[in-house]
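Structural overview
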Amino acid sequence: MDCNEKKSFELKMSYGKACNILRKNILFNLAKKLKLNICYRCGKKIVDINKFSIDHKKSWQNTTQPIKLFFDFNNIAFSHLKCNIANTTYKYPSNPEKFFAKTRKHSASLRIISPKGYNWCFSCKKHLLVSEFHKNKSNIYGFQRQCIICRKKRRLSTPAPIV
Ligand SMILES: [Zn+2]
Ligand SMILES: [Zn+2]
């Protein structure tokens, strides 16, 4: 039994989990002492530790500086967990072409999410207006994965079946 296993055994939960609970306890009690236990989202007091969450004033996801925004102390606020989740709406990047080009470099297999009103054509590798796609209800985005032109090209290049 190593050191952490022994600790986990005595605490009857994983040592990591116990540390997280303790950290949250300390944070919540300090916030209360400093009267910082006010929800950033709704302005009401947070009285229940189970509803206490660490919030980011400015969403760090899909930005050009996710790491900076994630750790920036000035970007941290406290909020009710419920208020926090309610405000986590997916925001499209301001420059989708550049953003997605960057993400594609990281992971070629990453699912490509298009800006609102656009759909990704995997053949011509572009975000195109949804009007350039046929609808497809079985696809999660509601459109074909290839634009109308690419589908047409594919149809023409495929030899006619021999009957
Ligand atoms: Zn709230
Ligand atoms: Zn296409």
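The structure reproduced in this document is the subject of the present report. (Residues numbered from 1 in each chain as written. Chains lettered and ligands numbered in written order. Predicted model: local features only at pLDDT ≥ 70, side-chain atom pairs only at ≥ 80, totals over all residues.)

Some details on the overall build of the protein
- The secondary structure content of the protein amounts to 6 helices and 4 strands.
- Listing the helices and strands of the protein from first to last along the sequence gives α-α-β-α-β-α-α-β-β-α.
- Considering only contacts within the protein whose residues lie at least 6 apart along the sequence, 39% involve residues at least 24 apart. (Helix = DSSP H or I, 4+ residues; strand = E, 2+ residues; numbered from the N terminus. Contact = placed C-beta atoms within 7 Å.)

Looking at the environment of Val 47
- Here Val 47 is to be found in the loop between helix 2 (15-33) and strand 1 (52-56).
- Classification of Val 47 as exposed rests on a count of 11 C-beta atoms within 10 Å.
- As for Val 47 and Asn 37, which are separated by 10 residues in sequence, their C-alpha atoms are 7.5 Å apart. (Buried ≥ 20, exposed ≤ 12 C-beta atoms within 10 Å, placed from the backbone.)

Quick look at helix 1 (residues 3-11)
- Summarising burial for helix 1: 0 of the 9 residues are buried, a small minority.
- Immediately downstream of helix 1, the backbone of Lys 12 shows phi near 60°, a positive value.

Overview of the pairing of strand 4 (residues 126-129)
- Bridge analysis of strand 3 (residues 118-121) against strand 4 gives 4 bridges, and the strand direction is antiparallel. Paired with Asn 119 across the bridge in strand 4 is Leu 128.
- Linking strand 3 to strand 4, which pair antiparallel, is a turn of 4 residues; within it Lys 125 sits at a positive phi near 50°. (Pairing = 2+ DSSP bridges.)

Focus: helix 2
- In a regular helix each residue adds 1.5 Å, so 19 residues correspond to 27 Å; helix 2 covers 27 Å between its end C-alpha atoms and thus fits that length.
- Burial analysis of helix 2 places just 0 of its 19 residues in the buried class, a small minority of the element.
- Count one or two residues on from helix 2 and you reach Lys 35, which has phi positive near 55°. (Expected span 1.5 Å × (residues − 1).)

Re the nonpolar core
- Counting 6 residues, the largest nonpolar core consists of Trp 120, Cys 121, Phe 133, Phe 143, Cys 147 and Cys 150.
- If near-sequence neighbours (up to four positions away) are discounted, Cys 147 is found in contact with Cys 121, Cys 124, Leu 128, Glu 132 and Phe 133. (Core = buried A, V, L, I, M, F, W, Y, C linked by C-beta atoms within 7 Å.)

Considerations on unusual backbone geometry
- The phi dihedral of Lys 35 falls on the positive side, at around 55°, and the residue is not glycine.
- Tracing the backbone shows Lys 35 in the loop between helix 2 and strand 1.
- Overall, Lys 35 belongs to the exposed group, with 8 C-beta atoms counted inside 10 Å.
- Of note in the backbone geometry, Lys 125 takes a positive phi value of approximately 50° without being a glycine.
- With respect to the helices and strands, Lys 125 occurs in the loop between strand 3 and strand 4.
- Judged by C-beta crowding, with 12 C-beta atoms within 10 Å, Lys 125 ranks as exposed.

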